[in-house]
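Residues per chain are reported as follows:
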Protein chains: 2
Amino acid sequence: MKRITIVGYGNIGRAVLDAIEAAPDMECAGVVLRDRTKWKEKGVPAYLTVAEDVHELHKVDAALLCVPSRSVPDDAIKYLSRGIHTVDSYDLHGDAMVDLRQRLDAAGKAYGSVAVIGAGWDPGVNSMIRGIFEFSAPRGITYTNYGPGMSMGHTVAAKAIKGVRNALSVTIPLGTGLHRRMVYIELETGYDFTIVAAAIKTDGYFAKDETHVMQVEDVTALQDVGHGVNMVRKGASGRIDNQQFTFDMRINNPALTAQIMVAAARAACRQSPGCYTLLDIPIASLLYDDESTLTRRLI
Amino acid sequence: MKRITIVGYGNIGRAVLDAIEAAPDMECAGVVLRDRTKWKEKGVPAYLTVAEDVHELHKVDAALLCVPSRSVPDDAIKYLSRGIHTVDSYDLHGDAMVDLRQRLDAAGKAYGSVAVIGAGWDPGVNSMIRGIFEFSAPRGITYTNYGPGMSMGHTVAAKAIKGVRNALSVTIPLGTGLHRRMVYIELETGYDFTIVAAAIKTDGYFAKDETHVMQVEDVTALQDVGHGVNMVRKGASGRIDNQQFTFDMRINNPALTAQIMVAAARAACRQSPGCYTLLDIPIASLLYDDESTLTRRLI
């Protein structure tokens, strides 16, 4: 039985608890909050231990970092340096991910612990699918089409615009990796909608995409956490062109992210020290059953 | 540069050569045929060395076994025991796969070589997808729907029926993992179609499925090597039901199988001795590029 601690208790943290409780090989070692007194307000069940530092919890194998991406690097190193494995769903691509990997790899190797980074649906499962597409047809193009669903990054960016009281940015897939942004805002009193809408459309997050801004009375009435992706590749295997691959999912976003993080925690307990993305971990090590059972069921 | 030998030169062997020649990190070390004099008839290009035994070839890293599944176990052990990695697309599921894995694992560990087994599209890539589906939503049902495309096993079974001169069995997906078998046969002179058709329908390969048998003049005029699969899972992540996943591909069958085998040969050169299915190999190790490049492009 691996003992898993949940760090942070927002949407993802709550869903992580559900996934831990459904896993036959894991139990929750407690929740770490910056401010312990907020446990009730955050909805932590009374039967869980709440700590402000992980040393207050008994025998922790892995910490699931359910915190904003910007907090991940420092948080991860804190746990790794105590010999506790970490899993995050860090969602910055490119250089930021490469840097995180190098930092956590050094920490993991120094302290005998394992970090699994970018363990969500994108980066994460979608990265694995892009990899499978590519070794199956090395020459070709993959398009990742997100949505329809709420974009957290774009919603935060819209909220930061002056005159916006509350916002929701929904990503609509247009195909070939292009997206429309549907932005629903509540206007602060005294602001002009046309000016605020123009400010959103010229913001770096939105300037490159087709963006529509709409004023609504109540943004929360529009929110749901469903999301989706449609990935397509057309490419060549050897000399043969026109090999066609599609991956599609329609999912509850926090529930899926949490479930993937829990699978990654299982895998973390099985790797040698260092830092891994989901491309570096065998699929079997993310699954509960033993080798022969998996071979009989999945192969 | 890894040097790869092709064992057998049928549909798959030919496609493997194309995939090796397109790979930046591999070259073909030659072709092994049971009877060297048949090279021309089998279509081996004149610039390749043809051998009857691998010891005639210079410095071979891995052997791609493009032979029938029943020949795989003995052939693999022959190469593994000489320290040459092997890759096959062995296509028997269940106990046969578990047994093969145990035998080749022992051989690989004894001689310092690596076997990758079941490295085709099913078993193979589809097995990986089933694994990803399952750790993303551990409670639920996955359906694998094959086709439309030719089934080699069912075609061979139909050809074995008395009175059948030539046959083609096409698999049609009906959804929820059920399939229709469309069997096209040329009749031997002197046989009664009704009796032959009944014999096919009661054969173990066909008895459980909806099977239609049709008499045609020329089976070869109907053949093509296109195939496909549609895999769907509906399941739960944590407490959240109705998570929906679909994987679909429309592919040239030998070209895809060959490409996957070549990727598996790359991975074989990177694993420690023993036997692996595609569930036991990190996706990154099947791809050519280095870690940072892959992280930037795929994560």
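If you're wondering where the values come from, they're calculated on a predicted model, not measured in any experiment.

Definitions and cut-offs
- Residues numbered from 1 in each chain as written.
- Chains lettered and ligands numbered in written order.
- Predicted model: local features only at pLDDT ≥ 70, side-chain atom pairs only at ≥ 80, totals over all residues.
- Heavy atoms only, no water.
- Helix = DSSP H or I, 4+ residues; strand = E, 2+ residues; numbered from the N terminus.
- Rg over C-alpha atoms; globule rule 2.2 N^0.38 Å.
- Buried < 20%, exposed > 50% of the residue type's maximum accessible area, 1.4 Å probe, protein only.
- Contact = heavy atoms within 4.5 Å.
- Areas by Shrake-Rupley, 256 points an atom, 1.4 Å probe, with all protein chains shown as cover.
- Lys, Arg positive; Asp, Glu negative; His and termini not counted.
- Charge placed at Lys NZ, Arg CZ, Asp CG, Glu CD.
- Pairing = 2+ DSSP bridges.
- Axes fitted to C-alpha atoms, helices over the stretch in contact; angles between N-to-C directions.
- Buried area = accessible area lost by both parts, 1.4 Å probe.
- Salt bridge = Lys/Arg side-chain N within 4 Å of Asp/Glu carboxyl O.
- Polar contact = N/O pair within 3.5 Å; in protein donor to acceptor, adjacent residues only side chain to side chain.
- Nonpolar A, V, L, I, M, F, W, Y, C, P; charged D, E, K, R; others polar.
- Patch = residues over 30% accessible without salt bridge, like charges linked within 9 Å, V, L, I, M, F, W, Y side chains within 5 Å.
- Least-squares fit on C-alpha atoms with pLDDT ≥ 70 in both.
- Phe/Tyr/Trp six-rings, centres within 6.5 Å; stacked < 30°, edge-to-face > 60°.

**A closer look at the overall build of chain A**
Scanning chain A from terminus to terminus reveals 9 helices and 14 strands. Its C-alpha atoms give chain A a radius of gyration of 21 Å, within 12% of the compact-globule value 19 Å for 299 residues. Judged by the C-alpha coordinates and their principal axes, chain A covers about 65 × 55 × 35 Å. A total of 299 residues make up chain A; the buried ones form 57% of that total. Partitioning the contacts of chain A with sequence separation of at least 6, the portion at a separation of at least 24 is 63%. Accessible area for chain A stands at about 12,600 Å²; split by element, carbon and sulfur atoms hold 51% of it. Across chain A, 32 positive and 34 negative side-chain charges occur, with their mean positions spaced 3 Å apart.

**Digging into the sheet that holds strand β7 (residues 139-146) of chain A**
The strand order across the open sheet built from 6 strands is β7(A)-β12(A)-β13(A)-β13(B)-β12(B)-β7(B), with neighbouring strands paired in antiparallel fashion. Two strands bound the open sheet, and with one partner strand each, they are β7 of chain A together with β7 (139-146) of chain B. Averaged over all pairs of adjacent strands, the angle between strand axes in this sheet comes to 10°, irrespective of strand direction. Relative to strand β13 (residues 240-252) of chain B, strand β13 (residues 240-252) of chain A runs antiparallel, the two sharing 7 bridges. Paired with R250 of chain A across the strands is Q244 of chain B, a residue of β13 of chain B. The strands touched by helix α8 (residues 253-268) of chain A are β12 (226-237) and β13 of chain A together with β12 (226-237) and β13 of chain B; relative to β13 of chain A, the strand with the most contacts, the crossing angle is about 110°.

**What about the interface of chain B and chain A?**
At the junction of the two partners, chain B supplies 62 residues and chain A supplies 61 residues. In terms of surface lost to chain A, no three residues of chain B exceed F135, L279 and I299 of chain B, which account for 15% of the buried area on that side. Taken together, the links from chain B to chain A amount to 10 salt bridges. Close ionic contact of R101 of chain B with E291 of chain A constitutes a salt bridge, the shortest N to O distance being 2.8 Å. Counting across the interface, chain B meets chain A through 28 residue pairs in polar contact (both at pLDDT 80 or more). Of all the elements in the fold, those that place two or more residues in the side of chain B that touches chain A are α1 (11-22), α4 (95-111), α5 (125-136), β12, β13, α8 (253-268) and α9 (291-298) of chain B. No other element matches the 12 residues that β13 of chain B contributes to the side of chain B that touches chain A. Of the residues belonging to the side of chain B that touches chain A, the class tally is 32 nonpolar, 17 polar and 13 charged.

**Details of a positive patch on the surface**
All names here are of chain A. On the surface, R14, R34, K38, K42, R70 and K78 cluster together to form a positively charged patch. Structurally, the position occupied by R34 is in the loop between β2 (26-32) and α2 (39-42). On the basis of relative accessibility, which here comes to 74%, the residue R34 falls in the exposed class.

**Some points on the pattern of salt bridges**
A full pass over the atoms with the stated rule returns 40 salt bridges over all chains. Between D105 of chain A and K109 of chain A there is a salt bridge; the shortest N-O distance is 2.8 Å. Of this pair, D105 of chain A and K109 of chain A are both found in helix α4 (residues 95-111), 4 residues apart, which corresponds to roughly one turn of the helix. Across the pair R181 of chain B and D209 of chain B runs a salt bridge whose closest N-O atoms are separated by 2.8 Å. Here D209 of chain B lies in the loop between α7 (193-202) and β11 (210-215) and R181 of chain B lies in strand β10 (residues 178-187), a separation of 28 residues in the sequence. A relative accessible area of 24% places D209 of chain B in the partly exposed class. Three or more residues joined by partner-sharing salt bridges are found here, namely D18 and E21 of chain A together with R239 of chain B.

**Some points on the relation of the copies chain B and chain A**
Note on the identical chains: chain B maps onto chain A by a rotation of 180° and an axial translation of 0.0 Å, with an RMSD of 0.0 Å. Such values leave the two copies arranged in the relation of a two-fold axis. A share of 98% of interface residues in chain B that are also interface residues in chain A marks the association as one of identical surfaces.

**Some remarks on the packing of aromatic side chains**
The final tally for this structure, using the stated rule, is 6 aromatic pairs over all chains. Note on W121 of chain A and Y146 of chain A: the rings are 6.5 Å apart at their centroids and 65° apart in plane angle, and the pair reads as edge-to-face. Residue W121 of chain A is located in the loop between β6 (114-116) and α5 (125-136), and its partner Y146 of chain A is located in strand β7; the two are separated by 25 residues in the primary sequence. Residue classification places W121 of chain A among the buried residues on the basis of a relative accessible area of 8%. Y146 of chain A sits in the partly exposed class, given a relative accessible area of 24%. With a centroid separation of 5.7 Å and 40° between ring planes, the pair formed by F133 of chain B and F245 of chain B is classed as tilted. Of the two residues, F133 of chain B sits in helix α5 while F245 of chain B sits in strand β13, which places them 112 residues apart along the sequence.

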